Amino acid sequence: MSGPNVVDSVAALRAQIRNWRQEGQRIAMVPTMGALHDGHISLVRIALERAERCVVSIFVNPAQFAPTEDLDKYPRQLALDLDRLREAGAHLAFTPGVTEMYPAGFATKISVGGPAAGLETDFRPAFFDGVATVVAKLFLQAAPDCAVFGEKDYQQLCVVRQLCRDLDLPVEIIGAPTVRDSRGLAMSSRNAYLGEAELEVARKLNAVLRQTATELASGADEIGAMEDAAEALVRAGFRKVDYVAAREAMTLRPWRRDRDGRLLAAAWLGTTRLIDNVEILPAPE
């Protein structure tokens, strides 16, 4: 199977997009930071179901990393990523360097409120400004009809939807179900940091969240359930828990029992920070 075509400049990206537009092709985009895994490939497959052409961006965005975070050691494996994209049938890989995305003198950023407030922002204050800025740039550069984001990064998905609504960006945002291994661990590029013993502990994150969501749906006290979940994660082997929080699914405001909910968590396993989320489903009658 041939492809994907690889471009690393905005001019070359736009030239290819222009050609597809002249042919009447619908275009889908999958923004990534590379180190592609089965979760990313599931997004590509959804993109190919929704459009004739699929663009995948691979860019480790420095604007969303704090100075103390893992920008330098974030996994990078471009050759392997391109092989995976070729097998998946992606048509174009956009692989810009930092100076292409943030040229000398770059001085603009986007600040997002609403669903960006709290949760991740409590621990990574600049994170969603960096995400919103790079996503807006990618959408303006590629002008896709739709873009696919995984629900594993659920708050990010909500933030991107808010970004498009607020700035009138004509991109349909498609949320894709989290891809997990056979024991429930959400696929993540940062899983590569974990040894076998740590992976065993990591797989307990989703189990604790599912149990807690069931308890909440059955009427358990919310504050008590959150505290119990955090304690269960520490007992399971997590070093510390940043948050376990129930929120409204669409807005990420504090959860009300008459609304669809999401239970979100972030926890540290050694020096690796993992996030996950599950639906809070109504208890069966």
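Asker: Looking at this model, I keep getting lost on the pattern of salt bridges. Mind explaining?
Answerer: With the rule as written, the count across this model stands at 19 salt bridges. One salt bridge connects Arg124 with Glu120, and the closest N-O pair in it is separated by 3.7 Å. Comparing Arg124 with Glu120, the two get one shared label, buried. Among the charged side chains, a network of salt bridges with common partners joins Glu69, Glu120, Arg124, Asp242 and Arg273.

Asker: Help me out: how do you make sense of unusual backbone geometry in this one?
Answerer: Leave glycine aside and you will find that most residues have negative phi; peptide bonds, for their part, are mostly trans. Here the phi dihedral of Asp168 falls at roughly 55°; this positive angle occurs in a residue that is not glycine. Along the chain, the position of Asp168 falls in the loop between helix H7 (154-167) and strand S6 (172-176). Take Asp168: its relative accessible area is 66%, and that puts it in the exposed class. Although it is not a glycine, Leu252 adopts a positive phi angle of roughly 65°. Topologically, Leu252 is positioned in the loop between strand S7 (240-248) and strand S8 (261-269). Here Leu252 falls in the buried class, since its relative accessible area comes to 4%.

Asker: I tried to follow the pairing of S8 on my own but got confused; where do I start?
Answerer: Regular strands have side chains that alternate between both faces of the sheet. Burial runs high along S8: eight of the nine residues are buried. Direction of pairing for S7 relative to S8: antiparallel, over a ladder of eight bridges. By the bridge assignment for S8, Glu248 is matched with Gly261. Across nine bridges, the pairing between S8 and strand S9 (residues 272-280) is antiparallel.

Asker: When you look at the nonpolar core in this model, what are you seeing that I'm missing?
Answerer: Among soluble globular proteins, nonpolar side chains are generally buried collectively. The biggest cluster of nonpolar side chains holds 44 residues, and the ones touching the most others in it are Leu13, Val55, Val135, Phe139, Phe149 and Ile173. Only helix H1 (10-22), strand S2 (27-32), strand S4 (92-94), helix H6 (127-142), strand S5 (146-150), H7, S7 and S8 provide two or more residues apiece to this core. At 10 residues, the largest contribution of residues to this core is made by H6. With residues up to four places along the chain from it excluded, the contact list for Val135 reads Phe149, Val160 and Leu163.

Asker: What exactly am I supposed to notice about the state of the cysteines here?
Answerer: Every disulfide links exactly two cysteines, by a covalent bond between their sulfur atoms. Tallied over the entire structure, the rule returns zero disulfides. Here Cys146 is not disulfide-linked; the sulfur of Cys54 is the nearest cysteine sulfur, at 8.7 Å. Judged by relative accessible area, which is 0%, Cys146 ranks as buried. The structure places no disulfide on Cys164, whose sulfur is separated from the nearest cysteine sulfur, that of Cys146, by 11 Å.

Asker: What should I look at first to understand the packing of aromatic side chains in this one?
Answerer: By convention here, two paired aromatic rings are described through the distance between centres and the angle between planes. On inspection of all chains with the given rule, the structure shows six aromatic pairs. Look at Phe139 and Phe149: their rings are 6.5 Å apart centre to centre, the planes differ by 80°, and that puts the pair in the edge-to-face class. Pair noted here: Phe139 is in helix H6 and Phe149 is in strand S5, with a separation of 10 residues, a long-range link. The same class applies to Phe139 as to Phe149, namely buried. Put simply, the rings of Phe59, Tyr102 and Phe106 touch in pairs and so form one group of aromatic residues. Over the face of the ring belonging to Tyr193 we find Lys73, whose NZ or CZ atom lies 4.9 Å from the ring centre. Stacked on the ring of Phe127, the Lys or Arg Arg124 has its end atom at 4.1 Å from the ring centre.

Asker: Can you walk me through a negative patch on the surface in this structure?
Answerer: The grouping of Asp221, Glu227, Asp228 and Glu231 at the surface amounts to a negative patch. You can see Glu231 is positioned in helix H10 (residues 222-236). Using a relative accessible area of 45% as the deciding quantity, one classes Glu231 as partly exposed.

Asker: Would you take a moment to explain the sheet that holds S8 for this structure?
Answerer: What holds strands together in a sheet is hydrogen bonding between their backbones, with the strands either parallel or antiparallel. Read across the open sheet, the three strands follow the order S7-S8-S9; overall the sheet is antiparallel. The open sheet has two free edges, formed respectively by S7 and S9, since each of these has just one partner strand. Ignoring strand direction, the axes of neighbouring strands in this sheet form an average angle of 15°. Its contacts with the sheet put helix H9 (residues 204-217) on S7, S8 and S9, and the angle it makes with S9 is roughly 30°.

How each quantity is defined
Throughout, residues of each chain are indexed from 1 in the direction in which the sequence is written. Whole-chain, interface and lining totals are the exception, using all residues; otherwise, since this is a predicted model, local features are given only for residues with pLDDT of at least 70 and side-chain atom pairs are given and counted only at 80 or more. Side-chain numbers come from the whole structure's heavy atoms, not from hydrogens or water. Salt bridge, as used here: a side-chain nitrogen of Lys or Arg that lies within 4 Å of a carboxyl oxygen of Asp or Glu. Residue exposure (1.4 Å probe, protein chains only): buried if accessible area is under 20% of the type maximum, exposed if over 50%, otherwise partly exposed. Under the scheme used here, helices are H or I runs from DSSP no shorter than 4 residues and strands are E runs no shorter than 2 residues, and both carry numbers assigned from the N terminus. Between any two strands, pairing holds if DSSP finds at least two bridges. To define a nonpolar core, start from buried Ala, Val, Leu, Ile, Met, Phe, Trp, Tyr and Cys residues and group those joined through side-chain atoms within 4.5 Å. We call two residues contacting when some pair of their heavy atoms lies within 4.5 Å. We call a pair of cysteine sulfur atoms a disulfide when they lie within 2.5 Å. Two aromatic rings, drawn from Phe, Tyr or Trp (for Trp, its six-membered ring), form a pair once their centres lie within 6.5 Å of each other, and the interplanar angle then sorts them: stacked below 30 degrees, edge-to-face above 60, tilted otherwise. By definition, being over a ring means that NZ of Lys or CZ of Arg is both within 6 Å of the ring centre and within 35 degrees of the ring normal. Two joining distances apply to patches: 9 Å for like charges and 5 Å for nonpolar side chains (Val, Leu, Ile, Met, Phe, Trp, Tyr), and every residue must have over 30% relative accessible area and no salt bridge. Method for areas: the Shrake-Rupley scheme with a 1.4 Å probe, in which residue coverage is limited to the protein chains shown. Here the positive residues are Lys and Arg and the negative ones are Asp and Glu; neither His nor the chain ends is included. By convention, the charge on Lys lies at NZ, on Arg at CZ, on Asp at CG and on Glu at CD. Inter-axis angles, ranging from 0 to 180 degrees, are taken between N-to-C directions of lines fitted to C-alpha atoms, where helices are fitted over the stretch in contact.

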